[in-house]
Amino acid sequence: MLLTGDRRGTAEIMRRTGLGKVSVWRWQERYIEAGVDGLLRDKTRPSRIPKLADAKVAEVIRRTTEEAPPDGGTHWTVRAMAAATGVSRAKVHVIWREAGLVPHRWRQFKLSNDPAFVEKVEDVVGLYVDPLRPAGKQGRL
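Let us look at the structure shown here. No experiment lies behind these values; they were computed from the predicted model shown. (Residues numbered from 1 in each chain as written. Predicted model: local features only at pLDDT ≥ 70, side-chain atom pairs only at ≥ 80, totals over all residues. Heavy atoms only, no water.)

Our focus in this paragraph is the packing of helix H5 (residues 54-66) against helix H6 (residues 78-85). It is the contact of H5 with H6, at a shortest axis distance of 11 Å, that shows an interaxial angle of 130 degrees. When the axes of H5 and H6 are compared, the pair comes out oblique. You can see that H5 and H6 cross each other, and the crossing is right-handed. Residues Lys56, Glu59, Val60, Arg63 and Thr64 of H5 pack against Met81, Ala84 and Thr85 of H6. A breakdown of the residues in the contact of H5 with H6 according to their chemical character gives 3 nonpolar, 2 polar and 3 charged. (Axes fitted to C-alpha atoms, helices over the stretch in contact; angles between N-to-C directions. Helix = DSSP H or I, 4+ residues; strand = E, 2+ residues; numbered from the N terminus. Parallel < 35°, antiparallel > 145°, perpendicular 65-115°, else oblique. Left-handed = near helix turned anticlockwise from the far one by under 90°. Contact = heavy atoms within 4.5 Å. Nonpolar A, V, L, I, M, F, W, Y, C, P; charged D, E, K, R; others polar.)

This is the structure:
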């Protein structure tokens, strides 16, 4: 700014300071807008990576907790969720960590699609309730 005050041109300021034209102009603009206070600390800048929309975060969490993966697997992987939602793998990992989700550690009881499942369960439970009776004769629970 001292060189600008001495009425030096942009080319000379660039040569003497080693800064590019855009940088020189930016510092000059900051001085014009805020005076010396504008030069005392670096201006904050937004992140290069835009924040993920809340709806997309909610979709990742909902699909993780409510839907089965499309490949027929037992749980979602980071790669499968990223492909299904269009979110990066790193962002899926961050979302899961912040939400406390660990799909690979979930244990869920899955009901059998066997038509005789109820009768088989009743027989097994009946053995524990009354072990001396033969299977199939325990009656309804």
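What follows concerns a nonpolar patch on the surface. On the surface, a nonpolar cluster with roughly 700 Å² of combined accessible area is contributed by Met1, Leu19, Trp27, Tyr31, Ile32, Val36 and Leu40. Looking at which element gives the most residues to the nonpolar patch, the answer is helix H3 (residues 21-34), with 3 residues. By the element assignment, Tyr31 lies in helix H3. The exposure class of Tyr31 is partly exposed, given its relative accessible area of 39%. (Patch = residues over 30% accessible without salt bridge, like charges linked within 9 Å, V, L, I, M, F, W, Y side chains within 5 Å. Areas by Shrake-Rupley, 256 points an atom, 1.4 Å probe, with all protein chains shown as cover. Salt bridge = Lys/Arg side-chain N within 4 Å of Asp/Glu carboxyl O. Buried < 20%, exposed > 50% of the residue type's maximum accessible area, 1.4 Å probe, protein only.)

So, on to the packing of H6 against helix H7 (residues 89-99). At a closest axis distance of 8 Å, the pairing of H6 and H7 adopts a crossing angle of 110 degrees. The angle between the axes of H6 and H7 places the two elements in the roughly perpendicular class. Touching Val78, Arg79, Met81 and Ala82 of H6 are Arg89, Val92 and Trp96, all from H7. Looking at the contact of H6 with H7, its residues break down into 5 nonpolar, no polar and 2 charged.

Turning to H3, a few remarks are in order. Here H3 spans 20 Å end to end across 14 residues, near enough to the 20 Å set by a 1.5 Å rise per residue. Within H3, the full set of buried residues consists of Val24, Gln28 and Arg30. Looking straight down H3, one finds its buried side chains confined to an arc of 155 degrees; they lie on one side. Residues of H3 that are exposed and angled more than 90 degrees away from the buried face: Val22 and Glu33. Those residues of H3 hidden inside the fold are in contact with helix H1 (2-5), helix H2 (10-17) and helix H4 (37-40). Downstream of H3 by a residue or two, Gly35 has a phi angle that is positive, lying close to 70 degrees. (Expected span 1.5 Å × (residues − 1). Arc of directions from axis to C-beta.)

Before going further, it helps to examine the side chain of Arg63. Residue placement: Arg63 occurs in helix H5. When sequence neighbours within four positions are dropped, the list of residues in contact with Arg63 reads Trp76, Met81, Ala84 and Thr85.

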